[in-house]
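Take a look at the letters that make up each chain.
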Amino acid sequence: MNHKEIVLSGIRATGNLHLGNYYGALSKFVRMQDDYDCLYFIADLHALTTAPDPKALHENVRNILAEYLAAGVDPEKATIFVQSDVPEVSEMYLLLNMHVGIGELMRTASFKDKARKQLGITDDADDIERRIIGADTNKRVNAGLLTYPTLMAVDILIQKAHKVPVGKDQEQHLELTRRFARRFNSFYGVDLFPEPQNFDFGGAPVKVPGLDGSGKMGKSEGNCIYLVDEEKVLRKKVMRAVTDEGPKLPDQPVSAPVENLLTLLALTSGPEVVQQYRNAYADCSIRYGDLKKQLADDILKVTSPIRERYLDIRDDSEFLARVVRRGAERARERAAATLAEVRKAMGIIKFY
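A. Summary view of the overall build of the chain. The secondary structure content of the chain amounts to 15 helices and five strands. In terms of C-alpha radius of gyration, the chain reaches 22 Å, essentially the compact-globule figure of 20 Å for 352 residues. Across its three principal directions, the C-alpha atoms of the chain cover 80 × 50 × 40 Å. Counting across all 352 residues of the chain, residues that qualify as buried make up 47%. Pairs at least 24 apart in sequence give 76% of the contacts found in the chain among residues at least 6 apart. In the form shown here, the chain has an accessible surface area of approximately 17800 Å², with 52% of it arising from carbon and sulfur atoms. Side chains of the chain give 49 positive and 50 negative charges; the mean places of these two sets differ by 2 Å.

Here it is, written out as structure tokens:
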């Protein structure tokens, strides 16, 4: 019998994975799989909130699956599956929604932010609920976006996960998951769901900045280095990264765009390399071309082996199918057991 703590995490199927995904999630997935009972999934149902092209969605799932494997996630050690291959998730999503309030969903920060984007609202006014209700049908906010936290909660609770590694932007959703678990357990007088906690890797959380001089690396911001970028493409992206005009005075504070590049360098290079460029900035001798060349070289040491494995795995349809088929079987076995408990608690019991 397996007594390891259950860890679950998923990545939305919205395009190739980037350096932020690698340092924020994938590299940690690989570390966790030896010590925990790990389930890693590709969230294609979550991706539907942005109405992707069906063909592109399928390709994204395939690409991310291959990237998981190329980065070192081992299907012999971890359960790797596609979210929609576990239909029990969709049924429990419906059932749990019966215990979730519209108001608490509408108050989530991510819903408000994404609703503003879908409606094209640029201000931060507090009347977002009124604007959603009054929105034109051609510019609507879909209900799936509203109930995104419920689906995320089901992903976690149906596997009875103990730990879920999430970033700062998902912490509110994880707190809602704990609330929903407590509410269900209390309402039906059962001890069915554990309350999942954020996985604490120790140390400061990893923030991977983008190449545009502001914010974190993200697909929608167009500031990414993808794990499968060709060398020529990657070098061009790095050489075009935003910097500043250069330091004018000794020991002046490092500007935000250059600090971003040094942060990336700290992830991919040794501390002595980072210190070398910090010293050069401090004495006004820094050459950004040299910094960017160093950064590109060191990033390629990380991404090139992943890209090579990815290209081999991506075209092996039989292997990919075998991985997700076996992963779905494992994930469904647990999900079906949990769903049966949920149905029994709620009184949804068959007569035959």
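B. View of the packing of aromatic side chains. Taken as a whole, this structure holds eight aromatic pairs when the rule is applied. Measuring from centroid to centroid gives 5.1 Å for Y22 and Y23, while their planes differ by 80°, and the two rings are edge-to-face. On the basis of relative accessibility, which here comes to 16%, the residue Y22 falls in the buried class. Put simply, the rings of F184, F187, Y188 and F193 pair up and form one aromatic cluster. In this structure, K114 is placed above the aromatic ring of Y148, and the distance from its NZ or CZ to the ring centre is 4.8 Å. The ring centre of F199 lies 6.0 Å from the NZ or CZ of K163, which sits over that ring.

C. Up close: the side chain of K292. Counting through the fold element by element, K292 comes out in helix α14 (residues 288–314). Of the buried charged residues, K292 lacks a salt bridge, with D244 as the closest side chain of opposite charge at 9.2 Å. A distance of 2.7 Å separates a polar side-chain atom of K292 from the backbone oxygen of A241.

D. Seen up close, the packing of helix α1 (residues 19–32) against α14. Two numbers describe how α1 lies on α14: the axes approach to 12 Å, and their chain directions differ by 85°. With respect to α14, the element α1 is oriented roughly perpendicular. In this structure, α1 uses L19, Y22 and Y23 to contact α14, whose residues at the interface are I299, V302, T303 and I306.

E. Seen up close, unusual backbone geometry. Here the phi dihedral of K160 falls at roughly 55°; this positive angle occurs in a residue that is not glycine. On the accessibility criterion, K160 (24% relative accessible area) is partly exposed. Residues other than glycine seldom take positive phi values, yet C284 does so here, at roughly 65°. Inspection of the secondary structure assignment puts C284 in the loop between α13 (271–282) and α14.

F. Broad picture of the pairing of strand β1 (residues 6–12). With five of seven residues buried, β1 lies mostly within the body of the structure. The pairing of β1 with strand β2 (residues 37–43) spans seven bridges and is classified as parallel. Note on β2: the bridge partner recorded for G10 is F41. The handedness of the β1 to β2 crossover, carried by α1, is right-handed.

G. Broad picture of the pattern of salt bridges. Taken as a whole and assessed by the stated rule, the structure comprises 22 salt bridges. One salt bridge in this structure joins E59 and R314, with 2.4 Å as the shortest N-O distance. One end of the pair, E59, is in helix α3 (residues 54–70); the other, R314, is in helix α14, with 255 residues separating them in the sequence. Looking at E59, the relative accessible area reads 29%, which means it is partly exposed.

H. Region of interest: the packing of helix α12 (residues 256–268) against α13. Between α12 and α13, the shortest axis-to-axis distance is 9 Å and the interhelical angle comes to 160°. With respect to α13, the axis of α12 lies roughly antiparallel. Relative to α13, α12 is oriented so that their crossing is right-handed. Contacts between α12 and α13 involve V258, E259, L262, L265 and A266 from the first element and V273, V274, Y277, R278 and Y281 from the second. Considering only residue class, the contact of α12 with α13 consists of eight nonpolar, no polar and two charged.

I. Molecular detail of the pairing of β2. Counting buried residues in β2 gives seven out of seven residues, a clear majority hidden from the surface. Burial along β2 is two-sided: the face carrying D37, L39, F41 and A43 and the face carrying C38, Y40 and I42 are both buried. Both β2 and strand β3 (residues 79–82) contribute to a ladder of four bridges, which runs parallel. Residue pairing for β3: L39 is matched across the bridge by T79.

The rules we used
By convention here, each chain's residues receive numbers from 1 onward along its written sequence. Note on the predicted model: pLDDT of at least 70 is required for a residue's local features to be given, and 80 or more for side-chain atom pairs to be given and counted; whole-chain, interface and lining totals, by contrast, use all residues. Side-chain calculation: all heavy atoms of the structure are included, whereas hydrogens and water are not. Numbering of helices and strands runs from the N terminus, with a helix taken as a DSSP run of H or I at least four residues long and a strand as a DSSP run of E at least two residues long. The globule rule used for comparison is 2.2 Å times the number of residues to the exponent 0.38, while the radius of gyration itself is calculated over C-alpha atoms. Think of it in three bands: with a 1.4 Å probe and only protein chains considered, a residue is buried below 20% of the maximum accessible area for its type, exposed above 50%, and partly exposed in between. Any two residues having at least one pair of non-hydrogen atoms within 4.5 Å are treated as being in contact. We get accessible surface area from the Shrake-Rupley algorithm with a probe of 1.4 Å; when it comes to residues, only the shown protein chains can shield them. For this count, His and the chain ends are skipped, Lys and Arg are scored as positive, and Asp and Glu as negative. The atoms used to mark charge sites are NZ of Lys, CZ of Arg, CG of Asp and CD of Glu. Here a Phe, Tyr or Trp ring, Trp counted by its six-membered ring, pairs with any other such ring whose centre lies within 6.5 Å, and the pair is stacked when the planes are under 30 degrees apart, edge-to-face when over 60, and tilted otherwise. Should the NZ of a Lys or the CZ of an Arg lie within 6 Å of a ring centre and within 35 degrees of the ring normal, that charge is described as sitting over the ring. Salt bridges are identified by distance alone: a Lys or Arg side-chain nitrogen within 4 Å of an Asp or Glu carboxyl oxygen. Polar contact is the term for a pair of N or O atoms within 3.5 Å; when the atoms are in protein, one must be able to donate a hydrogen and the other to accept it, and sequence-neighboring residues count only if both atoms are side-chain atoms. Where helices are involved, their axes are fitted lines through C-alpha atoms of the stretch in contact, as for all axes, and angles between N-to-C directions lie from 0 to 180°. For classification, angles of less than 35 degrees are called roughly parallel, those exceeding 145 degrees roughly antiparallel, those between 65 and 115 degrees roughly perpendicular, and all remaining angles oblique. Only when DSSP finds a minimum of two bridges between them are two strands counted as paired. Call a crossover right-handed when, viewed with both strands pointing away from you, the route from the first strand across the helix to the second goes clockwise. Each helix crossing is assigned a hand: it is left-handed if the near helix lies turned anticlockwise from the far helix by less than a right angle, otherwise right-handed if that turn is clockwise. Each residue is assigned to one of three groups, with Ala, Val, Leu, Ile, Met, Phe, Trp, Tyr, Cys and Pro labelled nonpolar, Asp, Glu, Lys and Arg labelled charged, and all others, Gly among them, labelled polar.

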